[in-house]
Amino acid sequence: QKEVEQNSGPLSVPEGAIASLNCTYSDRGSQSFFWYRQYSGKSPELIMFIYSNGDKEDGRFTAQLNKASQYVSLLIRDSQPSDSATYLCAVKPGGTSYGKLTFGQGTILTVHP
Amino acid sequence: DTGVSQDPRHKITKRGQNVTFRCDPISEHNRLYWYRQTLGQGPEFLTYFQNEAQLEKSRLLSDRFSAERPKGSFSTLEIQRTEQGDSAMYLCASSLRDSLNSPLHFGNGTRLTVT
């Protein structure tokens, strides 16, 4: 079992729709969770992080965390073509992790006009 | 704050040659990470420095890979006797401290192609 798994893509949604990206993790002691966006040929850029159970909203983005189910998701409301990118879920493991993040394989999102 | 800087942006080398990449982290960040990313995959952890000390190295990292961070500032990643399987994007990231909400800030990466 991979440490961090993301729902297989690619995911295609129409402009204005809600895009839902999912991620599960294997380490029950994981502390915090990050969503990065990566445009083709570019480096990952941070969208948001979450470390408490529940929802966290930032503009059009909402992160949801359920530690009991070891599940984290990202919702993008009012999707725009500029949101088309690969979305990476990253997890900070429990224990002595030195702050490193473990990444999922990414989900490609395409928002079509 | 000029962000994390990596050099070169692209490197093409022949199999068997040695290559060295440089990373300059955000100035006040004492933590520095190297990751490798291949097409269709997420970044894969290679190694980590806190100041000048290399505190962790991935089991996946062969002896051909070595990293340094002299004086706790910039870092170099050297790959000796490159192989075609080393072709990837090498990403450097830095962070300020280890807390629940301290993210990694990535540089633009060095794309290595081994022919």
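These remarks concern the structure in this document.

Definitions and cut-offs
Counting of residues starts from 1 at the beginning of each chain's written sequence and follows it residue by residue. By the order in which they are written, chains take letters starting at A while ligands take numbers starting at 1. At least 70 in pLDDT is required for a residue's local features to be given in this predicted model, at least 80 for side-chain atom pairs to be given and counted, and no such filter applies to totals for whole chains, interfaces and linings, which use all residues. Heavy atoms from the whole structure form the basis of all side-chain values; hydrogens and water molecules are not counted. For every residue, the accessible area (1.4 Å probe, protein chains only) is compared with the maximum for its type, and the residue is labelled buried under 20%, exposed over 50%, or partly exposed between those bounds. Segments assigned H or I by DSSP are reported as helices when at least four residues long, segments assigned E as strands when at least two residues long, and all are numbered from the N terminus. Paired strands are those between which DSSP finds at least two bridges. Any two residues whose heavy atoms approach within 4.5 Å are treated as being in contact. Here the quantity called buried area is the accessible surface, traced with a 1.4 Å probe, that two parts lose on coming together, added over both. Salt bridges are identified by distance alone: a Lys or Arg side-chain nitrogen within 4 Å of an Asp or Glu carboxyl oxygen. N or O atoms within 3.5 Å of each other form a polar contact, as long as, within protein, one can give a hydrogen and the other can take it, and as long as residues adjacent in sequence are counted only when both atoms are side-chain atoms. Three classes are used, and their members are as follows: Ala, Val, Leu, Ile, Met, Phe, Trp, Tyr, Cys and Pro are nonpolar, Asp, Glu, Lys and Arg are charged, and the others, Gly among them, are polar.

Turning our eyes to something else, we now look at the pairing of strand 9 (residues 88-95) of chain B. All names here are of chain B. With eight of eight residues buried, strand 9 lies mostly within the body of the structure. The alternating pattern of strand 9 places Ala88, Tyr90, Cys92 and Ser94 and Met89, Leu91, Ala93 and Ser95 on opposite faces, both of which are buried. Pairing analysis gives seven bridges linking strand 4 (residues 31-37) to strand 9, with the strands arranged antiparallel. Looking at strand 9, one finds that Arg36 is bridged to Tyr90. By the bridge criterion, three bridges tie strand 9 to strand 11 (residues 110-114) in an arrangement that is antiparallel. Across the sheet, Met89 pairs through a bridge with Arg111, a residue of strand 11. With two bridges joining them, strand 9 and strand 10 (residues 105-106) adopt antiparallel strand pairing. Bridge pairing in strand 10 links Ala93 to Phe106.

A few words now on the interface of chain A and chain B. Facing the 21 residues of chain A at the interface are 24 residues of chain B. Where chain A abuts chain B, roughly 1,900 Å² becomes buried across the two surfaces, and 55% of that area is made up of carbon and sulfur atoms. Counting across the interface, chain A meets chain B through one salt bridge. Across the pair Glu56(B) and Lys100(A) runs a salt bridge, and its minimum N-O distance is 2.6 Å. Counting every contact that joins chain A to chain B gives five residue pairs in polar contact (both at pLDDT 80 or more). Counting only elements with at least two residues in the side of chain A that touches chain B, the list comes to strand 4 (32-38), strand 5 (45-50) and strand 9 (85-92) of chain A. In the side of chain A that touches chain B, the residues fall into 10 nonpolar, nine polar and two charged.

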